[in-house]
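Given next are the chains, with one letter for each unit.
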Amino acid sequence: SGFGVSGSGRRELAELVASPANPLTARVFVNRIWSWIFGTGLVATPSDFGRLGDLPSHPELLDYLAGHFMENGWSVKRLIRDLVLSSTFGQSSRVDEKARARDPDNRWLHHFPSQRLEAEAIRDAVLAVSGRLDPRLYGPPIDPHRQNEDSQKRLFSGPLDGAGRRSLYIKVTLMEPPKFLATFNQPNPKISTGRR
């Protein structure tokens with residue numbers, strides 16, 4: 001193995017990737033969490049931190065958050081708590097025209113950016129207001145409703161409302177994603193999607 005150890009070297013590779021001496025992993029992870037909360041990452045190209053990707057809008061903040069994340073044992077819960085308790089998260093979405101003139105893309109976060117609701121949350125909200133949402137946790141996946149089944153492709157039709165289960169439990173197949181979720185912004189399951 002290239003790591004000077006017996007075996008495959010996977011453990012050593014994992015330790016290198018998650019090492020405090022290699023802050024790139026933490027920076028990428030923190031950027032993803034930031035983008036989920038604020039709509040756009042500090043690096044706007046979450047799948048490309050290389051030369052062809054965007055530069056961070058706030059490089060010092062990204063470095064600070066990555067260090068803080070590692071110091072706190074890589075706790076996602078702590079990171080999310082810190083971000084949602086920040087003054088940036090708590091600010092108004094009202095746009096100041098002077099700020100918009102200086103920063104039309106809101107990269108400096110002079111107001112809280114409005115965001116699209118994700119396909120899964122829309123479906124879950126429809127079920128909730130109709131009184132059909134099944135809040136149970138765990139269990140097998142539910143086949144989405146389909147017009148046509150194809151047993152050779154393992155495409156089976158489930159109940160129209162997915163038995164009321166949250167969207168998290170709807171089975172996603174490469175051959176035919178659930179039509180309701182695909183109608184909104186659920187990513188194509190055939191390709192890696194860093195940002196919807």
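Here's a quick rundown of the structure. (Residues numbered from 1 in each chain as written. Predicted model: local features only at pLDDT ≥ 70, side-chain atom pairs only at ≥ 80, totals over all residues. Heavy atoms only, no water.)

What follows is about the overall build of the protein chain. Along the backbone of the protein chain there are eight helices and zero strands. Ordered by position from the N terminus, the helices and strands of the protein chain form the series α-α-α-α-α-α-α-α. Relative to a compact globule of 196 residues, whose C-alpha radius of gyration would be 16 Å, the protein chain shows 21 Å and is clearly more extended. Seen along its three principal axes, the alpha-carbon backbone of the protein chain occupies a region of about 60 × 50 × 30 Å. The contacts in the protein chain between residues at least 6 apart in sequence include a share of 53% that link residues at least 24 apart. In the structure as shown, the protein chain presents an accessible area of about 13200 Å², 56% of it carried by carbon and sulfur atoms. With 27 positive and 21 negative side-chain charges, the protein chain shows a spacing of 3 Å between the two charge centroids. (Helix = DSSP H or I, 4+ residues; strand = E, 2+ residues; numbered from the N terminus. Rg over C-alpha atoms; globule rule 2.2 N^0.38 Å. Contact = heavy atoms within 4.5 Å. Areas by Shrake-Rupley, 256 points an atom, 1.4 Å probe, with all protein chains shown as cover. Lys, Arg positive; Asp, Glu negative; His and termini not counted. Charge placed at Lys NZ, Arg CZ, Asp CG, Glu CD.)

Here we come to the pattern of salt bridges. By the definition in use, this model includes 10 salt bridges. In this structure, the salt-bridge partner of R166 is D124, at a minimum N-O distance of 3.9 Å. Placement of the pair is R166 in the loop between helix 7 (119-130) and helix 8 (179-183) and D124 in helix 7, with a sequence separation of 42 residues. You can call R166 partly exposed: its relative accessible area is 31%. The buried category is assigned to D124, whose relative accessible area is 16%. (Salt bridge = Lys/Arg side-chain N within 4 Å of Asp/Glu carboxyl O. Buried < 20%, exposed > 50% of the residue type's maximum accessible area, 1.4 Å probe, protein only.)

Attention shifts here to a nonpolar patch on the surface. Together, I80, V84, L85 and F89 line one region of the surface with nonpolar side chains, adding up to about 330 Å² of accessible area. Assignment of secondary structure puts I80 in helix 4 (residues 76-84). (Patch = residues over 30% accessible without salt bridge, like charges linked within 9 Å, V, L, I, M, F, W, Y side chains within 5 Å.)

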